[in-house]
Amino acid sequence: MAGVVLGAIMFDSWKRRTKVALAATSAASLLAIGVGLGASLNATGDVRVVKSGQLGALGWYSNTYSRLAQISGMVFDGTSLWADGYGYLAKIDVNTGLPLGTTLVSSTSPISAVAFDGTYVWTANSTASSVSKVNNGTVVGTYALPTNAQPQALAFDGTNLWTANGGSASVSKINVSTGAVIGTYAVGYFPRGLVFDGSSLWVANYSSSTLSKVNISTGAVTATTTRSEEHTSELQSHSFISY
């Protein structure tokens, strides 16, 4: 059959690329890899995973740079799963596990965490020191955090979004309607995990080997939990990130 790719598709997660072994190629040719599933190539060697009859519905995966590389977080919006890649956000069908599309959130920064506020998916853009608000695959806003914030984690408290700012030993409270920073509050060194327990915000301070309990109204640290010396290395080996 003319235009059919004869070969195999292999994903190399370490090198963040999809490799394709080919015997023949053509633009938009189709390789059957299972009943109702397949992959296609464009003229530049990009790979697209597809379902039968849905060509064009799913995302491209570059031969030299996979959009699902370096996944660091996931969140469920009640219908679909969202996973972050290096600057990209991928929407995943929870029934098939297949990507339904990818969104470029940042061309200059990796995404370090994702969260859902009941309406929007939020991303923490670490090296850009910003957060982005995404509505069903469309970025509707990107908002600056304090200088050198380098957000590592996100949590939603039912009203506001919180970021764990690894670069500034702080957490920031964000208005989800406007994206404005309501306040920034000091915690331990290199916070990189957040969880909301229904009343208080808990922060995992990686370099301090401590947990901070934060009052969500005032931002004040109301308690600090310190691990004993014998368990310090164990604490430092975990990120305590919750999505």
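Residues numbered from 1 in each chain as written. Predicted model: local features only at pLDDT ≥ 70, side-chain atom pairs only at ≥ 80, totals over all residues. Heavy atoms only, no water.

Colleague: Lay out unusual backbone geometry with the relevant residues and their values.
Modeller: One non-glycine residue, Asn136, lies in positive phi territory at about 50°. By secondary structure assignment, the location of Asn136 is in the loop between β13 (130-135) and β14 (138-144). Here Asn136 falls in the exposed class, since its relative accessible area comes to 55%. Located in the positive-phi region is Gln150, a residue other than glycine, with phi close to 50°. (Helix = DSSP H or I, 4+ residues; strand = E, 2+ residues; numbered from the N terminus. Buried < 20%, exposed > 50% of the residue type's maximum accessible area, 1.4 Å probe, protein only.)

Colleague: Go over the sheet that holds strand β8 (residues 81-84) with me, naming the residues and quoting the values.
Modeller: If you walk across this open sheet you meet the four strands as β7-β8-β9-β10, and the pairing is antiparallel. For this open sheet the edge positions go to β7 (74-76) and β10 (99-104), each flanked by a neighbour on one side alone. Between one strand axis and the next, the sheet turns by 20° as a mean value, whatever way the strands run. Pairing between strand β9 (residues 88-92) and β10: five bridges, direction antiparallel. Directly across from Ala90, in β10, lies its bridge partner Thr102. (Pairing = 2+ DSSP bridges. Axes fitted to C-alpha atoms, helices over the stretch in contact; angles between N-to-C directions.)

Colleague: I'd like a rundown of the packing of aromatic side chains, residues and numbers included.
Modeller: Two descriptors summarise a pair of aromatic rings, namely the distance from one centre to the other and the angle between the planes of the rings. Summed over all chains, the structure comprises three aromatic pairs. Taking 6.0 Å as the distance between ring centres and 40° as the angle between the ring planes, the aromatic pair formed by Trp122 and Tyr143 counts as tilted. Of the two residues, Trp122 sits in strand β12 (residues 121-125) while Tyr143 sits in strand β14, which places them 21 residues apart along the sequence. Like Trp122, the residue Tyr143 is buried in the burial classification. The cationic tip of Lys133 hangs over the ring face of Tyr120; the distance from NZ or CZ to the ring centre is 4.6 Å. Just above the ring of Tyr206 sits the side chain of Arg192; from NZ or CZ to the centre is 4.8 Å. (Phe/Tyr/Trp six-rings, centres within 6.5 Å; stacked < 30°, edge-to-face > 60°. Lys NZ or Arg CZ within 6 Å of the ring centre and 35° of its normal.)

Colleague: Which residues make up the confidence of the model for the chain, and what values go with them?
Modeller: Taken residue by residue, the chain gives an average pLDDT of 75. The fraction at 70 or more is 65%. Scored below 50 in pLDDT, residues 1-66 makes 124 contacts in the model with residues more than four places away or belonging to other chains. (pLDDT = per-residue confidence, 0-100. Contact = heavy atoms within 4.5 Å.)

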